[in-house]
Amino acid sequence: MSDVASGGPTFEDSEDAVVAGATHPPPRKSRRKRSFWQELPILIGVALVLVFLIQTFVGRVYLIPSQSMEQTLHGCAGCVGDRVLVDKMLYDFTHPAPGEVVVFKGPDTWDHSEAAPRSDNVLVRWLQQAGSMVGLAAPDEEDFVKRVIAVGGQTVRCCDSSNHVIVDGKALDEPYVYWEPGRSTVQDSFAEVKVPDGYLFVMGDNRNDSRDSRYQGNGGVAGLVPVDNVIGKARFVVLPPSRWQGVGDHNPQATVLSAPAWQQAVPVGVAFAAAWPVLLLGRGARRRLRTWREGRR
């Protein structure tokens, strides 16, 4: 007699038994959520690592500690010092060019009295260094900010009869130069300097209140800055908000030959006049071609 007829176990009963006897994995334990105070040190550690990496390889905020770059960058006593964002990647692919404002480590031949001094107290010095990383304190006492005037292979001297710095025999166009009220508007002359390859001749925009290549190392070659000492290019003023702007890098060596307005219009007028005959010839050719086609039909 069959199992069905005798009331024995059916296929469905067997399947249910297998399912009933199957073993299931134990339920996963839910991960215990960390408290805020446990996660806070991790967040701080990650933030510090990111800040270090960005400041080291990408860009850094610098506080301008002196007035040598007035009024391009504010650093004077009694005013709010600018915080500038310095691009540290650019010069990995190219070299500083005339007109660019750069931050650099002062050569050993330079007098560092213009830079902000560090405290002798170890703790205070550490806090100053940490603050400088985010623009809350002046940069390292060896760091300077100036404008590139001449590069390797060029000759620079001062000045011509119009009080202009001369590079390779040509007067510079320097709209960024600032003359402090009540002080002389005549630049101090200096002997001709031949800039070797791999060096820069730099000057401050506040031309009569800047310790730069003219005076450092008693002038001459000793006042030049090695390209390898350049940290980066000043890009933007990020603080205070009222000063948000880009840092201009007008090339003082660029010669702009602007023709009078009527001369600038000549090429356009010539092109416009020449276009009419071409247009008329084109229309005449299309008319003749249409007449010829109609005659062949």
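Not measured: the values here are computed from a predicted model.

Overview of a nonpolar patch on the surface
Now for step 1: A cluster of nonpolar side chains, namely Ile 42, Val 46 and Leu 50, defines an oily patch on the protein surface of about 260 Å² accessible area.
Now for step 2: Note that Ile 42 resides in helix α2 (residues 36–57).
Now for step 3: Residue classification places Ile 42 among the partly exposed positions, given a relative accessible area of 45%.

Points about the UniProt feature "active site" (unreviewed entry) in the protein
Now for step 1: If you check UniProt for "active site" (unreviewed entry), the listed places come out as Ser 68 and Lys 146 in our numbering. A maximum C-alpha distance of 7.9 Å is found for the annotated residues, which run over 79 residues; spatially they form one tight group.
Now for step 2: Relative to the elements of secondary structure, Ser 68 occurs in the loop between β1 (59–63) and β2 (83–87).
Now for step 3: Among the residues examined, Ser 68 registers a relative accessible area of 2% and is labelled buried.
Now for step 4: Side chain to side chain, Ser 68 and Lys 146 meet in a polar contact 3.1 Å long.
Now for step 5: Structurally, Lys 146 can be placed in strand β4 (residues 143–151).
Now for step 6: With relative accessibility at 0%, the residue Lys 146 sits in the buried group.

Structural notes on the pattern of salt bridges
Now for step 1: Taken as a whole, this structure holds nine salt bridges when the rule is applied.
Now for step 2: For the salt bridge of Asp 82 with Arg 243, the shortest nitrogen-to-oxygen distance reads 2.7 Å. With Asp 82 in the loop between β1 and β2 and Arg 243 in the loop between β11 (230–239) and β12 (245–246), the pair connects residues that are 161 residues apart, well separated along the chain. The burial state of Asp 82 is the same as that of Arg 243; both residues are buried.
Now for step 3: Taking the shortest distance from any N to any O, the salt bridge between Arg 235 and Asp 87 comes out at 3.1 Å. Here Arg 235, found in strand β11, pairs with Asp 87, found in strand β2; they are 148 residues apart in sequence, far enough to count as distant.
Now for step 4: Residue classification places Asp 87 among the buried residues on the basis of a relative accessible area of 16%.

Re the pairing of β1
Now for step 1: Across the five residues that make up β1, a large majority, four, are buried.
Now for step 2: Across five bridges, the pairing between β1 and β2 is antiparallel. Its bridge partner being in β2, Tyr 62 is matched across the sheet by Val 84.

Quick look at the confidence of the model for the protein
Now for step 1: Summary statistics for the protein give a mean pLDDT of 76 and a share of 61% for residues scoring 70 or more.
Now for step 2: Per-element confidence in the protein is highest for strand β9 (residues 199–203), whose mean pLDDT is 97, and lowest for helix α4 (residues 261–296), whose mean pLDDT is 49.
Now for step 3: Taken together, the stretch residues 256–276 has pLDDT below 50 and engages in two contacts with residues farther than four places along the chain or on a different chain.

Let's talk about the sheet that holds strand β7 (residues 170–171)
Now for step 1: Pairing within the open sheet is antiparallel, and its four strands lie in the order β7-β6-β5-β8. Each of the sheet's edge strands pairs with one partner strand only, and the pair in question is β7 and β8 (190–194).
Now for step 2: Sheet topology note: the strand β5 (residues 155–158)/β8 ladder contains three bridges and is antiparallel. Note that in β8 the partner of Thr 155 across the bridge is Lys 194.

Conventions we followed
- Residues numbered from 1 in each chain as written.
- Predicted model: local features only at pLDDT ≥ 70, side-chain atom pairs only at ≥ 80, totals over all residues.
- Heavy atoms only, no water.
- Patch = residues over 30% accessible without salt bridge, like charges linked within 9 Å, V, L, I, M, F, W, Y side chains within 5 Å.
- Areas by Shrake-Rupley, 256 points an atom, 1.4 Å probe, with all protein chains shown as cover.
- Salt bridge = Lys/Arg side-chain N within 4 Å of Asp/Glu carboxyl O.
- Helix = DSSP H or I, 4+ residues; strand = E, 2+ residues; numbered from the N terminus.
- Buried < 20%, exposed > 50% of the residue type's maximum accessible area, 1.4 Å probe, protein only.
- UniProt positions renumbered as here; feature names shortened; annotations may be inferred.
- Polar contact = N/O pair within 3.5 Å; in protein donor to acceptor, adjacent residues only side chain to side chain.
- Pairing = 2+ DSSP bridges.
- pLDDT = per-residue confidence, 0-100.
- Contact = heavy atoms within 4.5 Å.

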